Amino acid sequence: MEKKRHVFEIQLNSITDTNNPTKKEVEFLLHDFNLSHNHAFISKETAEKTLHTLKDMPIVAKYYKKSSVDNNDDALGSHEMYLDTDRNTGELLVSMDTVPIGVFTEDAYITTVKDKDGNDVEVVAGKGVLWASRFPNVVGLLKEWIDEGITVSSSMEILYDSYKVEEGVTEILNFIYEGHCILNSEERGNHSKVYPAYDVSKITKLVAQAIQQENQLNESKEGETMEKFKKVFELSHGDVRSLLYANLDPNIGENTYSYICDVYDSYFIANIYSFEEGNEYDKYFKFDYTKAEDAVSVNLESKVEVFLKRNWEEVVPEEIQSQLNEKETKIGELETQLNEVSTQKTEIETKFNESTEKLTQLNSLVEELKPFKDQVETANFEKALNEKKEFYSKKFSALNAVEKFESEEVQGLVEKAVYENEEGKNAILQLNSLLVELVEVPATPVSENPTIREFSSKRENLIPASDDFESRYSL
C-alpha cells in the first residue's frame, strides 16, 4: 500500500537536562485538531488511533556551523528536500538531507495548552531525547534560542493512505507518524528564518499523473488507496513559496505541473513537468519575483532554462557544453591518476599486511623463546653472583671479617654489584669502602738517635794535661 506524505506544524515546548550527560529530554507540541493553512486537518478520533506510532520516530535537523568561533551565525535548515532516484527502479523520489539528532521515546498523547489568545486548545504532544554528547552544537543552539525566548518551530511528517476531500478541505483518515524536523527559528548570518507552513510540493512524474487522476474524482468522494503516487507537503520559507505557486501554476498551461526547488530573495528555481501529448518535457527554469508585505509577483517573462552547476546558471549550449567536455576530460585524467594512486595504495597495504604477518610470527616466536631466555639470564646471573661472592669472600677472609661478609648488608651489596649499572657501581664502591675500614695498621714506636759509646781498655786520664800537639794526638 503506497502511503502519501504530509508535514504538520510542530513546536519545541521544552528542553531539560538529565542525570545522563549524553542526552537532553524534550517535549514537542505536534498539532491540534483545527484546519491547517493548507486546508487539511486530523480529527481527535483519528489521532487517538495512531498515537502509539510516534514512539521511536527520529528527530532530525540540518546544522550549518559557524563561519568562525567569534561569529554567532550558525543555524539550522529545514527538511532539505531534494530529488533523488530509486536505487532499484531509477524512478524519481524525495530524499531529505538531514541527520537524526534524537528520537521520540514515548507514545504521543493529547493534552491541553493555552493558545496566543489565552484559550484552552487540545493538542497532540510527544516526548523524546536529543543526543547531546553527539550533537552538542545543535543542542547548544536550541538552548540559546529557548533562553532568549525565541519560539523553536519544527515540522512533523506523516504517512497516510486514507483521506476524503470536501469543499477543498482534506481530512486525513488513517496515518502514522514518520519523522520530525527542527527548523531554523531566526535569521542568522546567511540563513533565513524558516516558517512552519503547509505547502504542497508536486515533485515527480508519478505525482503529475496522480494529480490528473485526482482531478477526475468527485471532491466529496472518499479517496481510495493510490498505488502509484504520493503527495509531499514540503516546508516553505514562510508563506512565500505558497504565494509563488499561486502565481506560477495558473500560467504554465494545462497538463503541466511545477515543483519549486529553491527560493532566493529575488528569484526562484522551478522544475516544470509537462505531459501534454507532443510537448512532453521535464526541465528547470529560473523566474524573477518581487514581494510585498503579504503578496508576491512573479515575472513570467524572466523565465530562462537553467541547469544545476553548484548554482543555477543560464543555459549557453555550445560554450557550456565545450567547457563541460573539457572538464569531463580533466575529470577522466584525475580519475586515472586516482586509480594509479589506489593501485599503489593497494600494493602498500599488501606489503604492510605481509610485514604485519611476519611481525606477528616473530612476536609469537619471541614468546615461545621467552622461557629459555629467562633460564639463560637466570643462569648467567647466578654465575656472576657466585663469582662476586667468591671474590669478596676472599677479601673479607684475608681481613678476618668472615662474619661481616656474611651479614645481610654485605650480601645485599654483593648481589647489586653483579649489575653493570649505576646501582652496581655504587655497591662496588661501598664494598671497597668497607674493606678499607677493616684494614688495621699497627702502631710504630717513636725512634731516637742512638748514643755512640766507646769503652777504653786503659783507666787513665784521657785528657792530656799538656796542650801541645804531640801531647794531644800522639799515642
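Calculation notes
Along each chain, numbering runs from 1 in the same order as the chain's sequence is written. Totals for whole chains, interfaces and linings use every residue, but because this is a predicted model, local features are given only for residues with pLDDT of at least 70 and side-chain atom pairs only at 80 or more, for both listing and counting. Hydrogens and water molecules were not included; the side-chain quantities draw on all heavy atoms of the structure. By nonpolar core we mean a set of buried residues, namely Ala, Val, Leu, Ile, Met, Phe, Trp, Tyr and Cys, connected to one another through side-chain atoms within 4.5 Å. Here's how the labels work: a residue is buried when its accessible area is under 20% of the maximum for its type, exposed when over 50%, partly exposed in between, all with a 1.4 Å probe on protein chains only. Secondary structure elements follow DSSP: runs of H or I no shorter than four residues count as helices, runs of E no shorter than two count as strands, and numbering proceeds from the N terminus. For a helix, the expected span equals 1.5 Å multiplied by the number of residues minus one. What the arc covers is the set of directions going from the helix axis to the C-beta atoms. Polar contact criterion, stated in full: a pair of N or O atoms within 3.5 Å, where within protein one must be able to donate a hydrogen and the other to accept it, and residues adjacent in sequence count only if both atoms are side-chain atoms. For every residue, the predictor reports its confidence as pLDDT, a number between 0 and 100. Contacts between residues were defined by any pair of non-hydrogen atoms, one from each residue, lying within 4.5 Å. DSSP-based pairing: two strands are paired if at least 2 bridges between them are found. What makes a salt bridge here is a side-chain nitrogen of Lys or Arg within 4 Å of a carboxyl oxygen of Asp or Glu, nothing more. Any two rings among Phe, Tyr and Trp, with Trp reduced to its six-membered ring, count as a pair given centres within 6.5 Å; such a pair is stacked if its planes are under 30 degrees apart, edge-to-face if over 60, and tilted if neither. Should the NZ of a Lys or the CZ of an Arg lie within 6 Å of a ring centre and within 35 degrees of the ring normal, that charge is described as sitting over the ring.

K.L.:
Help me understand the nonpolar core, please; the structure alone is not making it clear to me.
P.N.:
In summary, soluble globular proteins display a tendency toward joint burial of nonpolar side chains. With 34 residues, the main nonpolar core has I59, L76, V124, L130, L142, Y177 and I182 as its most contacted residues. Of all the secondary-structure elements, those providing two or more residues to this core are β2 (24-32), β4 (58-61), β9 (99-104), β11 (120-130), α2 (136-147), β12 (153-166) and β13 (169-182). Counting 20 residues, the second-largest nonpolar core is a separate cluster that includes C261, I272, F287 and V298.

K.L.:
Explain helix α8 (residues 422-438) here, please?
P.N.:
One turn of an α-helix holds 3.6 residues; hence residues three or four places apart share an orientation. With 17 residues, α8 should reach 24 Å at 1.5 Å per residue; the first-to-last C-alpha distance of 25 Å fits that figure. Taken together, the buried positions of α8 are occupied by G424, A427, L431, L434 and L435. Taken end-on, α8 shows its buried residues confined to a sector of 100°, consistent with a single buried face. Of the exposed residues in α8, those oriented more than 90 degrees away from the buried face are E422, K425, L429, V436 and E437. Of the residues that open α8, the one with a side-chain oxygen 3.2 Å from the backbone nitrogen of E423 is N421.

K.L.:
It is not clear to me how the confidence of the model for the protein chain should be interpreted in this structure. Could you clarify?
P.N.:
In low-pLDDT regions, the fine details of the predicted coordinates are not to be read closely. Across the protein chain, pLDDT averages 76, with 76% of residues at or above 70. Taken together, the stretch residues 1-9 has pLDDT below 50 and engages in 61 contacts with residues farther than four places along the chain or on a different chain. Below a pLDDT of 50 lies the segment residues 197-238, which in the model reaches 115 contacts outside its immediate sequence neighbourhood of four places, other chains included.

K.L.:
So what exactly am I meant to see when it comes to the pairing of β2 here?
P.N.:
Side chains on a regular strand alternate between the two faces of the sheet. Burial of β2 is extensive: seven of the nine residues sit out of reach of the surface. Where β2 and β11 come together, eight bridges link them in antiparallel fashion. Its bridge partner lying in β11, D32 is registered against V123.

K.L.:
What's the story with the pairing of strand β10 (residues 109-114) in this structure? I'm lost.
P.N.:
The sheet contact formed by β10 and β11 spans six bridges and is antiparallel. Counted as the bridge partner of V113 is V121 from β11. In this structure, the hairpin formed by β10 and β11 is closed by a connection of five residues, where G118 is found at a positive phi of approximately 85°.

K.L.:
Even after reading the chapter, I still don't get the environment of L385, so can you show me in this structure?
P.N.:
By the secondary structure assignment, L385 is in helix α5 (residues 317-398). In this structure L385 touches V414, E415 and V418, once residues within four positions along its chain are discounted.

K.L.:
Can you walk me through the pattern of salt bridges in this structure?
P.N.:
For side chains bearing opposite charge, pairing can occur when the charged atoms are close. One pass over the structure, following the stated rule, counts 12 salt bridges. When the shortest N-O distance is used, the salt bridge between D97 and K62 registers 3.2 Å. Taken together, the residues D97 in the loop between β8 (92-96) and β9 and K62 in the loop between β4 and β5 (63-64) connect sequence positions 35 residues apart. The exposure class assigned to D97 is partly exposed, which follows from its relative accessible area of 40%. Two residues, R188 and E186, come together in a salt bridge whose shortest N-O distance is 2.6 Å. With respect to class, R188 is no different from E186; both count as buried.

K.L.:
Looking at this structure, how should I read the packing of aromatic side chains?
P.N.:
With the rule as written, the count across this model stands at nine aromatic pairs. Centre to centre, the rings of F268 and F287 are 5.5 Å apart; their planes meet at 15°, and the pair counts as stacked. Separated by 19 residues along the polypeptide, F268 in strand β18 (residues 267-274) and F287 in strand β19 (residues 281-291) bring together distant segments of the chain. We classify F287 as buried; its relative accessible area is 2%. For the ring pair F391 and Y392, a centre distance of 4.9 Å and an interplane angle of 85° mean the geometry is edge-to-face. Taking relative accessible area as the criterion, F391 reaches 44% and is therefore assigned partly exposed. We note K286 situated over the ring of Y267; from NZ or CZ to the ring centre the distance is 4.7 Å. Positioned over the ring face of F285 is K303, at 4.3 Å from the centre of the ring.

K.L.:
Just to check I follow, could you spell out α2 for this structure?
P.N.:
The end-to-end C-alpha distance of α2 is 16 Å, a good match for the 16 Å that 12 residues give at a rise of 1.5 Å each. Among the residues making up α2, those that are buried are V138, V139, L141, L142 and W145. Down the axis, α2 shows its buried residues gathered within 160° of arc, on one side only.

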